[in-house]
Amino acid sequence: MLIRICGETCLRDELLIQELIAGREEAFTALYEHYGHRLFKAAWDILGRGEDAEDAVQDVFVSLVRARPALAEVRNLNAYLFAALRRAALKRMEQRKDMQHLALESLEHELPAAQAKIASAEEERLHGALRSLPLEQREALVLKIDGGLTFEELAAALDISANTAASRYRYALEKLRTALATRESNANG
Amino acid sequence: MAEPLPPELSELEHLLAARGGPAPDANVKLRVLRAVKSELRSSDSWRLWRQHSWRFAAGVAAVVLFWLNLSMFAANHTEWNFNRNDGSHGETLAMAREIRELLPELTEGEALRQAALLQTNARALPIPIVPGQQARWVNAKKLLEE
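Residues numbered from 1 in each chain as written. Chains lettered and ligands numbered in written order. Predicted model: local features only at pLDDT ≥ 70, side-chain atom pairs only at ≥ 80, totals over all residues. Heavy atoms only, no water.

Draft legend 1. Summary view of the overall build of chain B. Looking only at helices and strands, chain B features five helices and zero strands. Across the 146 residues of chain B, 15% fall into the buried class. For chain B, long-range pairs separated by at least 24 residues make up 33% of all intrachain contacts whose partners lie at least 6 apart in sequence. As displayed, chain B has an accessible area near 12000 Å², and 61% of this comes from carbon and sulfur atoms. (Helix = DSSP H or I, 4+ residues; strand = E, 2+ residues; numbered from the N terminus. Buried < 20%, exposed > 50% of the residue type's maximum accessible area, 1.4 Å probe, protein only. Contact = heavy atoms within 4.5 Å. Areas by Shrake-Rupley, 256 points an atom, 1.4 Å probe, with all protein chains shown as cover.)

Draft legend 2. Spotlight on the pattern of salt bridges. Evaluated as defined, the whole model comprises 16 salt bridges over all chains. Between arginine 24 of chain A and glutamate 19 of chain A there is a salt bridge whose closest N-O contact spans 2.6 Å. For aspartate 146 of chain A, the salt bridge identified is with arginine 19 of chain B, shortest N-O distance 2.7 Å. Of this pair, aspartate 146 of chain A sits in the loop between helix H8 (135-145) and helix H9 (151-158) while arginine 19 of chain B sits in the loop between helix H1 (7-18) and helix H2 (26-76), which puts the two residues in different chains. (Salt bridge = Lys/Arg side-chain N within 4 Å of Asp/Glu carboxyl O.)

Draft legend 3. Representation of the packing of aromatic side chains in the model. All names here are of chain A. Taken as a whole and judged by the stated rule, the model has two aromatic pairs over all chains. When the centroid spacing of 5.7 Å and the interplanar angle of 50 degrees are considered together, the rings of tyrosine 32 and phenylalanine 61 count as tilted. Here phenylalanine 61 lies in helix H3 (residues 50-66) and tyrosine 32 lies in helix H2 (residues 25-47), a separation of 29 residues in the sequence. Each member of the pair, tyrosine 32 together with phenylalanine 61, is buried. Both rings, one in phenylalanine 151 and one in tyrosine 169, keep their centres 5.6 Å apart while their planes meet at 65 degrees; by these two values the pair is edge-to-face. Linking phenylalanine 151 in helix H9 with tyrosine 169 in helix H10 (residues 162-188), this pair joins segments that are 18 residues apart in sequence. Here phenylalanine 151 and tyrosine 169 have matching classes, each one buried. Positioned above the aromatic ring of tryptophan 44 is the side chain of arginine 131, whose terminal nitrogen or guanidinium carbon lies 3.9 Å from the ring centre. Across from the ring centre of phenylalanine 151, 4.9 Å away, lies the NZ or CZ of lysine 144, which sits over that ring. (Phe/Tyr/Trp six-rings, centres within 6.5 Å; stacked < 30°, edge-to-face > 60°. Lys NZ or Arg CZ within 6 Å of the ring centre and 35° of its normal.)

Draft legend 4. Quick peek at the interface of chain B and chain A. Taken together, the 31 residues of chain B in the interface contact 39 residues of chain A. The junction of chain B with chain A conceals about 3400 Å² of combined surface from both sides, 66% of it contributed by carbon and sulfur atoms. Put simply, chain B and chain A have six salt bridges between them. For arginine 66 of chain A, the salt bridge identified is with glutamate 39 of chain B, shortest N-O distance 2.8 Å. The tally of links between chain B and chain A comes to 12 residue pairs in polar contact (both at pLDDT 80 or more). Within the residue set of the side of chain B that touches chain A, elements represented by two or more residues are H1 and H2 of chain B. The biggest single contributor to the side of chain B that touches chain A is H2 of chain B, with 12 residues. For the side of chain B that touches chain A, the per-class residue count stands at 19 nonpolar, three polar and nine charged. (Buried area = accessible area lost by both parts, 1.4 Å probe. Polar contact = N/O pair within 3.5 Å; in protein donor to acceptor, adjacent residues only side chain to side chain. Nonpolar A, V, L, I, M, F, W, Y, C, P; charged D, E, K, R; others polar.)

Draft legend 5. Representation of unusual backbone geometry in the model. Phi is positive for aspartate 159 of chain A, which is not a glycine, with a value near 60 degrees. Position of aspartate 159 of chain A relative to the elements: it lies in the loop between H9 and H10.

Draft legend 6. View of empty space enclosed by the protein. Residues and elements named next belong to chain A. Under the definition given, this model contains one cavity of 30 Å³ or more. With three residues, the single largest contributor to the lining of the largest cavity is H8. Within the lining of the largest cavity, the residues separate by chemical class into five nonpolar, no polar and two charged. (1 Å grid on protein atoms, 1.4 Å probe; cavity = no way out; pocket = protein on both sides within 12 Å on 5 of 7 lines; lining within 4 Å. Points joined across faces, edges and corners; volume = space filled by probe spheres on them.)

Draft legend 7. Representation of the packing of H2 of chain A against H3 of chain A within the structure. Residue and element names in this part refer to chain A. The N-to-C vectors of H2 and H3 enclose an angle of 135 degrees; their axes lie 8 Å apart at closest approach. Comparing the axis directions of H2 and H3 gives the class oblique. Handedness of the H2/H3 crossing: right-handed. Of the residues in H3, those touching H2 at Phe28, Leu31, Tyr32, Leu39, Phe40, Ala43, Trp44 and Leu47 are Gly50, Asp52, Ala53, Glu54, Ala56, Val57, Phe61, Leu64 and Val65. Each residue belonging to the contact of H2 with H3 can be placed in one class, and the counts come to 14 nonpolar, one polar and two charged. (Axes fitted to C-alpha atoms, helices over the stretch in contact; angles between N-to-C directions. Parallel < 35°, antiparallel > 145°, perpendicular 65-115°, else oblique. Left-handed = near helix turned anticlockwise from the far one by under 90°.)

Below, the structure is given as structure tokens:
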């Protein structure tokens with residue numbers, strides 16, 4: 001059976017989950033086509049390296065295959081996938097054993113090929129500022145904005161309370177704003 | 001309930017949401033789907049193996065139980081009967097009695113079986129034909145053919 005995802009009208013998450021549980025390859029292809037780009041983008045912003053982002057996305061899909069029986073309990077596939085991505089990203093970081101070196105100054109030097117794909121200087125500054133945030137704030141922003149998670153879903157993904165998730169997100173935005181202003185003033189002056 | 005964001009942070013939120021980003025290479029899709037396929041196969045083969053190994057084990061257990069029951073049934077219902085036309089049964093009975101005197105823990109049936117075997121061995125031995133030894137043995141098959 002060929003499955004196409006074209007927004008909420010074409011195929012509901014429930015149907016896709018059933019197909020995933022049944023282990024149909026077409027369902028995984030459809031899932032990648034729908035979520036692959038967003039997951040990669042989020043992984044890239046969390047991990048800072050293209051190859052690590054690719055590995056994290058692959059880990060998410062492989063873990064999805066392994067967790068098929070438990071998928072019946074999933075009510076929000078989007079939130080589930082981004083929570084799985086966050087776990088995969090942290091695991092990838094632990095494997096590299098260089099979490100401390102993921103501070104963004106170092107990452108900016110490691111991404112020439114990926115950064116070349118970013119359109120404007122303004123966007124480059126935005127990505128640079130985002131990467132300068134600590135991991136906790138960066139993942140809160142990425143999961144909320146790229147993953148489209150609610151504060152409750154963000155809290156579940158980060159294993160914190162909803163209030164803490166909301167305040168962390170807000171604080172991350174403020175830090176990002178400050179970092180952007182600093183970068184703009186550096187660029188101008 | 002989270003407080004609404006001030007306009008400058010809300011604007012930044014929209015800026016972040018609208019930002020571009022690198023697209024994954026086309027090879028990434030192939031790589032991910034290949035990994036999915038491989039994982040699906042290994043998980044399916046493991047699941048099938050578990051199902052079939054359970055059935056196979058159950059089948060083997062059933063056959064073993066059936067064979068044990070059948071052999072016990074056959075052993076418990078086997079009687080030793082002498083041919084009325086054969087006059088050698090007195091000899092067999094005497095040998096069985098001697099065996100029971102030597103080994104009283106043996107049942108009557110087992111003593112008779114051992115006696116029959118000993119008598120048979122004394123008359124016809126299944127041995128390979130060794131050159132130079134033909135004079136000592138008479139081949140039963142040849143006797144039958146004659």
